[in-house]
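Results of the structural survey
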Amino acid sequence: MEERSATAIDSRTVHAGRVFTIVSDRVRLPNGRETTLDVVRHRPSVILVPMPDPAHVVLVRQYRYCIDRWIWELPAGTLEPHEDVETAARRECREETGRDPGRIERVGACYPTPGYCDELMVFFRLTELKTLTTPAARDEDEVLEPRVFTLEAARQLARAADVADMKTVVGLSLV
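Structure report, in brief. Owing to the predicted nature of the structure, the values given are computational and were not obtained by experimental measurement. (Residues numbered from 1 in each chain as written. Predicted model: local features only at pLDDT ≥ 70, side-chain atom pairs only at ≥ 80, totals over all residues. Heavy atoms only, no water.)

1. Observations regarding the sheet that holds strand β9 (residues 121-131)
- As summarised here, the arrangement of the 4 strands in space is β7-β4-β9-β8, forming an open sheet in which the pairing is mixed. Single-partner strands in this sheet number two, and they are β7 (76-78) and β8 (99-110). Mean inter-strand twist for the sheet, computed between neighbouring axes without regard to direction, equals 25 degrees.
- With 10 bridges connecting them, β8 and β9 associate as antiparallel partners. For C110, the partnering residue across the bridge sits in β9 and is M121.
- Contacts from helix α1 (residues 85-97) reach β4 (45-50), β7, β8 and β9, with the element oriented near 125 degrees to β8.
- The sheet contacts of helix α3 (residues 166-173) involve β4, β7 and β9, and relative to β9 the element is tilted by about 70 degrees. (Pairing = 2+ DSSP bridges. Helix = DSSP H or I, 4+ residues; strand = E, 2+ residues; numbered from the N terminus. Axes fitted to C-alpha atoms, helices over the stretch in contact; angles between N-to-C directions. Contact = heavy atoms within 4.5 Å.)

Structure, rendered in structure tokens:
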């Protein structure tokens, strides 16, 4: 059986920001119906599981304005234009944890909200971590502090809802 896809009839940019763009698309769906769909266009992101050793993981405590909370989460970031995922993983590890990974291993990928957003999250286990002598510069909107946890303690934080974001729950399940 042949699977058909939607056909774009018209597209209008509703918002163009630093992190994402919102478009309103008029489409013909695979069943032939026409409708308007609002879509968040977001470059891929990398989610890091930095492991100083097999029993420990680095989480970052980060302030998230959208939910007005400090939460523990895995380091992560959006790819720069034309940047490949491994380069982004190394860059984000340096920026958010102050460590440089010797080994980068892809462990999974998912679309967290495919109903309205095209962001692909790519998960990496980072090992053979070396502490940087000079910390890398952070993004201007980042307020965070890294800390090493046992893997079990990090998973307990997730079960206790002290880790409130989906990428961290998924990332911890992949290692």
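2. Examining the pattern of salt bridges
- Counted according to the given criterion, the structure contains 15 salt bridges.
- Where R26 meets E34, a salt bridge forms, and the shortest distance between an N and an O atom there is 3.8 Å.
- Linking R91 and E95 is a salt bridge whose minimum nitrogen-to-oxygen distance equals 3.6 Å. Of this pair, R91 and E95 are both found in helix α1, 4 residues apart, which corresponds to roughly one turn of the helix. Taken individually, R91 and E95 each receive the classification buried, so the pair is uniform in this respect.
- Here the salt bridges share partners, and the residues they tie into one network are R64, E73, D165 and K167. (Salt bridge = Lys/Arg side-chain N within 4 Å of Asp/Glu carboxyl O. Buried < 20%, exposed > 50% of the residue type's maximum accessible area, 1.4 Å probe, protein only.)

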